[in-house]
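Residue-level structural notes
Listed below are the residues making up each chain.
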Amino acid sequence: MAFDPKSSFSFLIFLLLSIQPLIFCLTTDASPPPTVCIVGSGIGGSSVAHFLRHYFHPIPSQPNPPNIIIFERRSVVGGRMATVSIGGETWAGALFSDPLVSRFWLKGQPPPPRFVECALQSTVDSFLKYYESPETRPVFETVDEMLKWAGLYNLTTRTLQDELVHIKISPLMIDELVTVITRINYGQSVSISGLAGAVSLAGSGGGLWAIEGGNYQMAAGLIKSSNVSLHLNEEIESISYLGEYYELNSTKGNSYSCDVAVVATPLDEVSIQLTPSVSIPARKLQHTHATFVRGILNPAYFGLRTVGVIPELVGTLEDPDIPFSSISILKQHDENDTTYKVFSREPMTDALLDTIFSARLETVRINWGAYPHYEAPEVFAPFILDGQHLYYVNTFENAASTMETSAVAAENVARLILSRYFSEAHPHSSNLKSKSPDAHTLHTDL
Ligand SMILES: Cc1cc2nc3c(=O)[nH]c(=O)nc-3n(C[C@H](O)[C@H](O)[C@H](O)COP(=O)(O)OP(=O)(O)OC[C@H]3O[C@@H](n4cnc5c(N)ncnc54)[C@H](O)[C@@H]3O)c2cc1C
């Protein structure tokens, strides 16, 4: 057949006219991508963003991945994975275990030598169930369900002391070894729950890692690869449910509309006003004072003659006369110049430090609202705070507070959001008008 440009042109016009209603239909019916707002850029908040991206699958009513905004009140990401600089070097505070390394493919740095081999392997094995394929792993609405599924719940109902007595560990071993470990890891005695205790003991058995340059890079990497709009130096002071969406207000006077809101920080000491108010079980945080000293220990304080015989790690018993939980060497520069890390429940005054150290060149102090003050039986706030789309990652910290448990809780929260909001069953709200400033201009590159 001969090619007739005129009739081809008419056919094209005809085609465009006939499909125009369809094009119109597609553009008006497609909802704008929903916005997920995350408060906190620690391992919890950054992992929620990562897993939302990782697990998102388009569905007809929600073809586009969500916009994700992370708010961080500080000028850096990472939260409690902060580093400290002393003696011209940067130190990562916390250590994490092999599964997190293999899961996130990190370039790790082995930790200082282990000092105790004892670990509760069966508890670790139960915890590893959270690393099984999401295809076969349920999504949990409560921490209780999540712990029961892995067989870990009962350990939160009794103290570590009760658990150890039950398995016939001697009182001497409990007082002089286990207590020393729980004081180092959680600044608390063996009255913490059996699960927090097991995590603490497992963490003393080696196979632990830290990232060169600081663990905060884990959060930075997750945020960077998750196409997130990151608002540093922006503290959220209120989250209000306004019918179909949440309004987040910041101390900068900005207001943001979010379809889903995620609290990825412990609510115990931050003042975020929730409207309507939400009632969650009261929880105290255990404060750990981390004091970094560059100098040299005073051997006389320890009843010793020379500094060289003081162990690399000094642990302590539960004795009100002992003013610190642990002192450990971070780096020995030369025989009269060492960088130490001191953990204590109370601040270390200069006068006290001057009795423990014979010389101090540099001292850095950090007061951490470090982890929950554990009290078995533990009672957990729900992951879904309001029955709608307000989520709380750090409820899981009553089970155990580690970078790894935060990441595992965050993964569950991300899956909860996807299953509850991004599923065909959910009637999506559309045409939400954002009152936020232009997200693009606020995006901060890491
Ligand atoms: C001294 C110490 C030693 C530790 N040792 C270990 C260890 O060896 N191994 C281990 O695995 N874990 C350890 N941990 C615990 C571990 O660091 C934490 O469990 C984990 O980092 C918690 O991460 P997260 O993201 O849940 O919370 P966070 O890291 O606390 O992150 C919350 C973030 O939210 C931000 N934020 C809070 N409120 C607002 C607001 N209103 N608006 C905006 N931003 C807000 C905070 O600034 C913070 O950056 C240790 C903790 C401490 C303090």
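Here the structure is a predicted model, which is why all the values come from computation and not from measurement.

Thoughts on the overall build of the protein
When you go through the protein residue by residue, the secondary structure sums to twelve helices and 19 strands. In the protein, which comprises 446 residues, the share counted as buried stands at 39%. Taking all contacts inside the protein whose residues are at least 6 apart in sequence as the whole, residues at least 24 apart take part in 76%.

Topic: the packing of helix α7 (residues 171-186) against helix α8 (residues 194-202)
When two helices pack together, their arrangement is given by the angle between their axes and by how far apart the axes lie. For the pair α7 and α8, the least separation of the axes is 9 Å and the interaxial angle reads 90 degrees. In terms of axis orientation, α7 runs roughly perpendicular to α8. Across the interface between the two elements, Val178, Ile181, Thr182, Asn185 and Tyr186 of α7 pack against Ala196, Gly197, Ser200 and Leu201 of α8. Of the residues in the contact of α7 with α8, the class split is five nonpolar, four polar and no charged.

A short note on α7
The largest bend in α7 amounts to roughly 35 degrees and is located at valine 178. Looking at α7, one finds that the buried residues are Val178, Thr179, Val180, Ile181, Thr182, Arg183, Ile184, Asn185 and Tyr186. Phi for glycine 187, located one or two positions after α7, is positive at around 60 degrees.

Examining the sheet that holds strand β13 (residues 273-275)
Spatially, β11-β10-β9-β13 is the arrangement adopted by the four strands of the open sheet, whose pairing is mixed. The outermost strands of the open sheet, each flanked by one partner alone, are β11 (255-258) and β13. With strand direction ignored, the average angle separating the axes of adjacent strands in the sheet is 15 degrees.

Some remarks on α8
One turn of an α-helix holds 3.6 residues; hence residues three or four places apart share an orientation. Buried residues dominate α8, accounting for nine of its nine residues. For α8, the secondary structure elements touched by its buried residues are α4 (121-127), α6 (160-166) and α7.

Thoughts on the nonpolar core
Among the nonpolar cores identified, the biggest contains 100 residues, and Cys37, Ile38, Val48, Val262, Tyr391, Val393 and Val413 are the most heavily contacted of them. Non-local contacts of valine 393, meaning those with residues more than four positions away in its chain, are made with Gly44, Val48, Val262, Val263, Ala264, Ser406, Ala409, Ala410 and Val413.

Section: the sheet that holds strand β17 (residues 337-344)
Within the open sheet, the five strands sit side by side as β15-β16-β17-β14-β18. Their pairing is antiparallel. In this open sheet, the two strands that pair with only one neighbour each are β15 (313-315) and β18 (357-372). Neighbour-to-neighbour, the strand axes of the sheet open up by a mean angle of 15 degrees, direction not taken into account. Here seven bridges tie strand β14 (residues 285-297) to β17, and the two strands are oriented antiparallel to one another.

Quick notes on the packing of helix α2 (residues 43-55) against helix α9 (residues 216-224)
Here α2 crosses α9 at 25 degrees, and the two axes come no closer than 8 Å. With respect to their mutual orientation, α2 and α9 come out roughly parallel. The element α2 and its partner α9 pack so that their crossing is left-handed. Together, Ile43, Ser46, Ser47, Ala49 and His50 of α2 and Met218, Ala219, Leu222 and Ile223 of α9 make up the contact between the two elements. Here the contact of α2 with α9 is built from residues that sort into six nonpolar, three polar and no charged.

Overview of the environment of valine 199
With respect to the element layout, valine 199 can be found in helix α8. Valine 199 sits in the buried class, given 27 other C-beta atoms within 10 Å. A C-alpha to C-alpha distance of 7.7 Å links valine 199 and valine 124, two positions 75 residues apart in sequence.

Quick look at the pairing of strand β2 (residues 67-71)
With respect to burial, β2 is a largely interior element, four of its five residues being buried. As paired elements, strand β1 (residues 35-39) and β2 share five bridges and run parallel to each other. Note that in β2 the partner of isoleucine 38 across the bridge is isoleucine 70. Running through α2, the crossover from β1 to the neighbouring parallel element β2 is right-handed. Relative to strand β8 (residues 229-231), β2 runs parallel, the two sharing three bridges. The residue of β8 that forms the bridge with isoleucine 70 is leucine 230.

Focus on the pairing of β14
The two faces of the sheet receive side chains in turn, since in a regular strand these alternate between them. When β14 meets β18, the two strands line up antiparallel, connected through 13 bridges. In the strand pairing of β18, alanine 290 is matched with isoleucine 366.

Digging into the confidence of the model for the protein
Across the protein, the average pLDDT comes to 85, with 81% of residues at or above 70. The low-confidence segment residues 1-29 (pLDDT under 50) makes zero contacts with residues lying over four places distant or belonging to another chain. Across residues 429-446, confidence stays below pLDDT 50; counting only partners more than four residues off in sequence or on other chains, it has 34 contacts.

A word on the environment of serine 279
Checked against the element boundaries, serine 279 lands in the loop between β13 and β14. Separated by 106 residues in the primary sequence, serine 279 and leucine 385 place their C-alpha atoms 8.4 Å from one another.

Here's the deal with unusual backbone geometry
Cis geometry is adopted by the peptide bond preceding proline 276, which originates at threonine 275 and carries an omega value of -5 degrees. Summarising the element assignment, proline 276 is placed in the loop between β13 and β14. The step from alanine 376 to proline 377 runs through a cis peptide bond, and the omega angle for that step is -5 degrees. Residue placement: proline 377 occurs in the loop between β18 and β19 (390-392). Backbone geometry places asparagine 233, a non-glycine residue, at a positive phi of 55 degrees. Tracing the sequence through the fold places asparagine 233 in the loop between β8 and β9 (236-241).

Quick notes on the rules
- Residues numbered from 1 in each chain as written.
- Predicted model: local features only at pLDDT ≥ 70, side-chain atom pairs only at ≥ 80, totals over all residues.
- Helix = DSSP H or I, 4+ residues; strand = E, 2+ residues; numbered from the N terminus.
- Buried ≥ 20, exposed ≤ 12 C-beta atoms within 10 Å, placed from the backbone.
- Contact = placed C-beta atoms within 7 Å.
- Axes fitted to C-alpha atoms, helices over the stretch in contact; angles between N-to-C directions.
- Parallel < 35°, antiparallel > 145°, perpendicular 65-115°, else oblique.
- Nonpolar A, V, L, I, M, F, W, Y, C, P; charged D, E, K, R; others polar.
- Bend = angle between axes of the 7 residues up to and from the residue.
- Pairing = 2+ DSSP bridges.
- Core = buried A, V, L, I, M, F, W, Y, C linked by C-beta atoms within 7 Å.
- Left-handed = near helix turned anticlockwise from the far one by under 90°.
- Right-handed = clockwise from strand over helix to strand, strands pointing away.
- pLDDT = per-residue confidence, 0-100.

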